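Secondary and tertiary structure notes
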There are 2 protein chains.
Amino acid sequence: MSDTVKFVLAEQDIPTHWVNLMADLPGEAPPPLHPGTKEPAGPDDLSPLFPMNLILQEVSAEPVIEIPDEVRDAYKLWRPTPLYRARRLERELDTPAHIYYKYEGVSPAGSHKPNTAVAQAYENAAAGIRKLTTETGAGQWGSALAFACRLFGLECEVWMVGSSYDQKPYRRSMMETWGATVHRSPSDVTESGRSQREHTTGSLGIAISEAVEVAAQSADTNYALGSVLNHVLLHQTVIGQEALAQMALAGEEPDVVVACVGGGSNFGGLAFPFLRRVLRDGAKTKFVAAEPAACPTLTRGVYAYDFGDTVGLTPLMPMYTLGHDFVPPPVHAGGLRYHGDSPLLCGLVKAGLIEARAYRQNETFEAAVRFARSEGIIPAPEPAHAIRAVIEEADAAREAGEARVILFGLCGHGNFDLSAYDAYLGGKLEDPEFSERDLEAALAALPEAPALT
Amino acid sequence: MSDTVKFVLAEQDIPTHWVNLMADLPGEAPPPLHPGTKEPAGPDDLSPLFPMNLILQEVSAEPVIEIPDEVRDAYKLWRPTPLYRARRLERELDTPAHIYYKYEGVSPAGSHKPNTAVAQAYENAAAGIRKLTTETGAGQWGSALAFACRLFGLECEVWMVGSSYDQKPYRRSMMETWGATVHRSPSDVTESGRSQREHTTGSLGIAISEAVEVAAQSADTNYALGSVLNHVLLHQTVIGQEALAQMALAGEEPDVVVACVGGGSNFGGLAFPFLRRVLRDGAKTKFVAAEPAACPTLTRGVYAYDFGDTVGLTPLMPMYTLGHDFVPPPVHAGGLRYHGDSPLLCGLVKAGLIEARAYRQNETFEAAVRFARSEGIIPAPEPAHAIRAVIEEADAAREAGEARVILFGLCGHGNFDLSAYDAYLGGKLEDPEFSERDLEAALAALPEAPALT
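As the structure is a computational prediction, the values presented were derived from the model and not from experiment. (Residues numbered from 1 in each chain as written. Chains lettered and ligands numbered in written order. Predicted model: local features only at pLDDT ≥ 70, side-chain atom pairs only at ≥ 80, totals over all residues. Heavy atoms only, no water.)

**Comments concerning helix H17 (residues 418–425) of chain B**
Applied cut-off: Working definition: with a 1.4 Å probe on protein chains only, accessible area under 20% of the residue-type maximum means buried, over 50% means exposed, and in between means partly exposed. Secondary structure follows DSSP: runs of H or I at least 4 residues long count as helices, runs of E at least 2 residues long count as strands, and numbering of each begins at the N terminus. The arc in question is traced by the directions running from the helix axis to the C-beta atoms. For this analysis, residues touch if any pair of their heavy atoms sits within 4.5 Å.
The complete set of buried residues in H17(B) reads B:Leu418, B:Ala420 and B:Tyr421. With its buried residues spanning 150° around the axis, H17(B) presents them on a single face. Where the residues of H17(B) are buried, they touch helix H8 (169–177) of chain A together with helix H15 (361–375) of chain B. Of the residues flanking the end of H17(B), it is B:Gly427, one or two places downstream, whose phi is positive at about 70°.

**Points about the packing of H15(B) against H17(B)**
All names here are of chain B. Short version of the rule: Axes, fitted as lines to C-alpha atoms, cover a helix only where it is in contact. Angles between the N-to-C directions of the axes lie from 0 to 180 degrees. Should an angle fall under 35 degrees it is called roughly parallel, over 145 degrees roughly antiparallel, and 65 to 115 degrees roughly perpendicular, with every other angle called oblique. Under the scheme applied, nonpolar residues are Ala, Val, Leu, Ile, Met, Phe, Trp, Tyr, Cys and Pro; charged residues are Asp, Glu, Lys and Arg; polar residues are all the others, including Gly.
At their nearest, the axes of H15 and H17 sit 10 Å apart, and the two run at 100° to each other. The angle between H15 and H17 falls in the class roughly perpendicular. On H17, the residues touching Asn362, Phe365, Glu366, Ala368, Val369 and Arg373 of H15 are Ala420, Tyr421, Tyr424 and Leu425. Here the residues of the contact of H15 with H17 are counted per class, giving seven nonpolar, one polar and two charged.

**Re the sheet that holds strand S10 (residues 256–260) of chain B**
Residue and element names in this part refer to chain B. Applicable threshold: Only strands that DSSP links by at least two bridges are regarded as paired with each other.
Strand order across the open sheet formed by seven strands is S1-S4-S5-S15-S10-S11-S14, with mixed pairing between neighbours. With partners counted over all chains shown, the strands left at the sheet margins are strand S1 (5–7) and strand S14 (355–359), one partner each. For this sheet the average axis-to-axis angle between neighbouring strands, irrespective of direction, equals 25°. As judged from the three bridges shared by S10 and strand S15 (residues 405–410), these two strands associate in the parallel manner. Opposite Val256, over in S15, you have Ile406 as the bridge partner. Against the sheet, helix H12 (residues 265–281) engages strand S5 (98–103), S10, strand S11 (286–292) and S15, with an angle of about 155° to S10.

**What to know about the relation of the copies chain A and chain B**
Two copies of a chain can be linked by a rotation about an axis combined with a shift along that same axis. Using the following cut-off: Least squares is the method used to superpose the copies, on C-alpha atoms of residues holding a pLDDT of at least 70 in both.
When chain A is fitted to chain B, the residual RMSD is 0.0 Å, and the transformation amounts to a turn of 180° plus an axial shift of 0.0 Å. Such a combination of turn and shift is consistent with a two-fold rotation axis.

**Section: the packing of aromatic side chains**
All names here are of chain A. Definition in use: By convention, a stacked pair of Phe, Tyr or Trp rings (six-membered ring in the case of Trp) has centres within 6.5 Å and planes under 30 degrees apart, an edge-to-face pair has planes over 60 apart, and any other such pair is tilted.
Taken as a whole and assessed by the stated rule, the structure comprises 29 aromatic pairs over all chains. A ring pair is formed by Trp78 and Phe147, whose centres lie 6.1 Å apart and whose planes are at 65°; its orientation type is edge-to-face. Note that Trp78 is positioned in the loop between helix H3 (69–75) and strand S4 (83–85) and Phe147 in helix H6 (residues 140–151), a separation of 69 residues in sequence. For the residue pair Trp78 and Phe147, the accessibility class agrees, reading buried in each case. For the pair Tyr122 and Phe152, a centre-to-centre distance of 5.8 Å together with 65° between the ring planes defines the contact as edge-to-face. One end of the pair, Tyr122, is in helix H5 (residues 114–126); the other, Phe152, is in the loop between H6 and strand S7 (155–161), with 30 residues separating them in the sequence.

**Details of the interface of chain A and chain B**
What counts here: Summed over both partners, the accessible area lost on bringing two parts together, with a 1.4 Å probe, is the buried area. Whenever a carboxyl oxygen of Asp or Glu lies within 4 Å of a side-chain nitrogen of Lys or Arg, that contact is scored as a salt bridge.
Listed as interface residues are 40 residues of chain A and, on the opposing side, 40 residues of chain B. Between chain A and chain B, roughly 3700 Å² of surface is buried when both sides are summed, and carbon and sulfur atoms account for 52% of that area. Ranking the residues of chain A by area buried against chain B places A:Tyr170, A:Thr177 and A:Arg373 at the top, with a combined share of 19%. At the junction of chain A and chain B, the tally comes to two salt bridges. A:Arg172 is paired through a salt bridge with B:Asp422; the nearest N and O atoms lie 3.1 Å apart. For the side of chain A that touches chain B, the secondary-structure elements that each account for two or more residues are H3, H6, H8, helix H15 (361–375) and helix H17 (418–425) of chain A. Looking at which element gives the most residues to the side of chain A that touches chain B, the answer is H8(A), with six residues. By residue class, the composition of the side of chain A that touches chain B is 17 nonpolar, ten polar and 13 charged.

**Thoughts on the environment of A:Glu399**
Of note, A:Glu399 is situated in helix H16 (residues 381–400). Distance in space between the C-alpha atoms of A:Glu399 and A:Leu446 is 43 Å, their sequence separation being 47 residues.

**Focus on unusual backbone geometry**
At the junction of A:Ser185 and A:Pro186, the peptide bond is cis and its omega measures out at 5° in the coordinates. With respect to the element layout, A:Pro186 can be found in the loop between strand S8 (181–185) and helix H9 (191–195). In this structure, B:Pro80 follows B:Arg79 across a cis peptide bond, with omega equal to -10°. By secondary structure assignment, the location of B:Pro80 is in the loop between helix H3 (69–75) and strand S4 (83–85). Even without a glycine there, the phi angle at B:Lys38 is positive, about 65°.

**Some points on the sheet that holds strand S9 (residues 221–223) of chain B**
Residues and elements named next belong to chain B. Within the open sheet, the four strands sit side by side as S8-S7-S6-S9. Their pairing is parallel. On the outer flanks of this sheet lie strand S8 (181–185) and S9, each paired with one strand and no other. Recorded for the sheet is a direction-independent mean angle of 20° between the axes of neighbouring strands. Strand direction decides the pairing type here: strand S6 (residues 131–136) and strand S7 (residues 155–161), joined by six bridges, are parallel. Bridging from a neighbouring strand, Glu135 pairs with Trp159 of S7. Taken strand by strand, helix H10 (residues 204–217) contacts S6, S7, S8 and S9, and its axis lies near 170° from that of S6.

**Brief notes about the pattern of salt bridges**
In the structure shown here, the tally under the stated rule is 60 salt bridges over all chains. Across the salt bridge formed by A:Arg370 and A:Glu92, the nearest N and O atoms sit 3.0 Å from each other. Of this pair, A:Arg370 sits in helix H15 while A:Glu92 sits in helix H4 (residues 87–93); the two residues are 278 residues apart in sequence, bridging distant segments of the chain. Taking the relative accessible area as the measure of exposure, A:Glu92 reaches 41% and is therefore partly exposed. The closest approach of N and O atoms between B:Glu90 and B:Arg85, which form a salt bridge, is 2.7 Å.

**Observations concerning the packing of helix H5 (residues 114–126) of chain B against helix H6 (residues 140–151) of chain B**
Residue and element names in this part refer to chain B. This is how it is decided: Each crossing is labelled by how the near helix is turned from the far one, with a counterclockwise turn of less than a right angle marking it left-handed and a clockwise turn marking it right-handed.
The N-to-C vectors of H5 and H6 enclose an angle of 40°; their axes lie 8 Å apart at closest approach. Classified by the angle their axes make, H5 and H6 are oblique. Taken as a pair, H5 and H6 cross one another with a handedness that is right-handed. Contacts between H5 and H6 involve Pro114, Thr116, Ala117, Val118, Gln120 and Ala121 on the former and, on the latter, Trp141, Ala144, Leu145, Phe147, Ala148, Cys149 and Leu151. Within the contact of H5 with H6, the residues separate by chemical class into eleven nonpolar, two polar and no charged.

Take a look at the structure:
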């Protein structure tokens with residue numbers, strides 16, 4: 001039997017619509033709140049930062065939303081993406097499980113992020129906006145937006161988390177090659193950055209404050225967020241819709257769907273089309289969200305209203321949070337270093353539909369190297385967390401003697417993370433824990449807001 | 001009309017045979033010569049380094065050679081690769097030309113090199129070999145072989161050209177992630193390396209000497225070359241065969257086929273299936289080989305017998321050469337820093353079937369940035385030479401007012417070359433010329449051998 005089993009779709013199979021899971025949720029989701037009045041935030045509160053079409057997507061109750069032709073055309077640069085059966089990994093793990101992975105690293109920026117970047121750049125350009133600002137952690141979102149802005153003729157200005165800026169200089173060069181301007185965050189060019197100067201390694205929360213501050217000051221400049229918000233997760237559902245079609249080609253149903261979570265867009269993009277079948281048809285699928293033990297939002301955070309950024313410029317969002325001024329240690333999975341998570345995803349964790357697990361940095365790199373040496377693709381540190389969870393699931397399948405079907409999201413390649421692999425292979429990779437004291441202090445500093453149940 | 005025009009083949013369209021252009025050449029090709037006796041070198045002279053199946057491919061006169069199932073299975077990990085029409089680049093260049101590119105950067109190692117690496121690793125494993133040694137310039141070949149050795153259970157030991165080892169540390173980490181051992185060349189672990197200690201930046205010729213020396217010493221260790229030899233170019237013809245099928249889907253015939261040349265495998269892989277039509281059917285196609293002005297083998301070299309390596313361990317090969325001890329300046333297109341070129345390719349240049357052009361480093365990066373900012377893919381410095389030639393051809397088409405069809409090979413991405421982009425964008429990229437005096441000295445030191453006509 002063939003070692004390489006790849007399921008490929010044709011260009012016309014690129015989804016025509018995004019899946020809006022909001023329409024299928026049982027009960028009312030708690031609304032975001034205005035940071036000043038603590039009243040529910042409406043579309044007008046978001047209009048200084050986002051074009052109206054994205055705001056309408058953010059609050060839509062429609063079950064599907066049509067993808068504009070221009071966005072589908074840009075998707076064709078790298079979509080549909082392949083889905084593989086990981087036979088070589090199955091053999092390496094000596095498991096009866098059938099392991100599948102959906103690979104998003106084939107995009108020009110190397111991750112799933114362009115799926116929403118091109119949608120956001122298109123809507124902003126259509127609304128007459130001249131420039132987008134954003135934050136980036138590992139650089140995957142910033143490079144995706146730099147690429148997308150270039151396609152649609154927009155300027156792009158990026159605040160890159162200091163620790164990643166230092167660890168991954170080539171992600172900065174990549175953004176600059178596409179014409180973007182990149183600042184190390186905290187920077188001196190914003191009030192928010194100057195107020196957080198003491199956090200020299202930075203955080204996504206601080207970088208968001210800087211980008212939001214600059215966007216709010218100019219009418220022709222908007223802000224773009226790479227995760228967390230409903231419309232961002234919405235755009236990513238092209239991943240899961242393609243994976244549904246590819247699993248049908250494989251003739252299998254996943255028993256378990258696994259993805260890493262930073263802000264939730266990779267997880268939601270893969271899982272939501274499968275979750276909709278659970279909500280609508282009672283399909284029995286387990287969902288596992290993998291996060292870093294150094295930034296354990298879903299496993300150690302509290303479910304409460306909190307700011308999306310560190311300085312407190314964004315609406316209060318209902319989510320699991322470690323506290324908006326919690327600064328995680330500088331693990332290499334920079335895309336997962338966020339104090340909160342998508343409210344939509346958090347609600348599903350709260351409702352028991354998604355199980356969350358946290359992993360240490362070294363055990364995720366051990367899993368990544370096993371994957372690279374069997375399947376040939378070197379994973380980014382973020383999906384290495386998912387691979388760690390997959391190995392647990394594959395081990396459990398062996399112990400149970402069951403040919404369980406596992407599907408996971410390989411959301412990006414590790415071409416820009418090889419210094420971390422180098423450290424791991426040399427036995428020099430740090431394995432940081434967060435400070436319990438810092439976590440307690442950050443949780444004590446949550447804003448006053450209605451309690452969530 | 002759509003901006004993104006991509007031509008995709010199905011898995012069953014992966015070629016079943018390689019194209020052996022040798023069978024279609026007019027006249028006898030001059031044979032390689034034994035370095036000691038200067039008599040024609042036969043299969044037995046190659047058997048200390050290569051398995052018999054590869055030697056038979058090297059000397060085959062059959063027009064096609066079947067691809068083993070195991071190799072086609074490995075190809076399925078990333079093949080068929082996409083062919084794009086570069087509409088956004090055409091607009092940027094304001095040209096009536098139709099520009100197409102075949103993109104090989106989707107392989108796990110990021111270039112076309114795995115096409116031959118998996119074929120060579122498979123044949124060596126089938127012959128009972130335990131370890132492969134090789135050299136690598138920019139690291140693309142070394143990482144491709146490390147990946148392929150992993151797939152077929154072989155050890156891999158790589159000598160990496162010193163200047164690239166220093167410029168591209170992450171290519172080394174990539175090879176190590178796949179389990180290979182990597183030395184900086186010239187190294188202290190071989191006699192050849194110790195004899196070339198004064199050439200601190202190294203060269204492909206020196207690194208070849210080191211890898212050949214080690215392979216020749218052990219019965220269970222063979223050597224693998226990433227370019228130059230007939231069987232290597234043979235394996236790469238999957239590129240051109242797919243491109244032929246994709247151009248047929250596009251309904252166009254290329255007037256010009258462009259690719260960069262280091263040792264010739266990328267050029268031959270794309271061009272030979274098209275060249276066969278010229279030789280057989282008299283098709284009118286122009287072929288342009290782009291090389292660096294810092295290492296201008298085809299445009300400034302002499303057509304003569306020379307060693308493939310610096311120390312003089314390999315057979316003498318009939319080729320354009322700058323002299324086997326010529327050490328080119330350390331340009332970033334490390335894969336093009338070779339004193340010679342494929343004898344097969346050189347014969348076609350000599351016969352006037354291929355036109356060669358040389359470009360300076362800065363003008364190639366200018367072309368690469370224009371490409372990245374229009375098409376979204378960041379090219380490796382090697383294919384940037386091809387892009388520079390494509391821009392000349394597109395300009396000529398505009399001046400002639402003709403919708404000429406240009407096809408070029410985008411043989412790899414630039415994810416590991418962003419320090420060079422950084423230098424270019426900052427106005428700090430060097431633009432080295434080679435030393436005329438060094439070239440004269442190297443040409444004067446050519447080995448004694450029969451003259452070529």
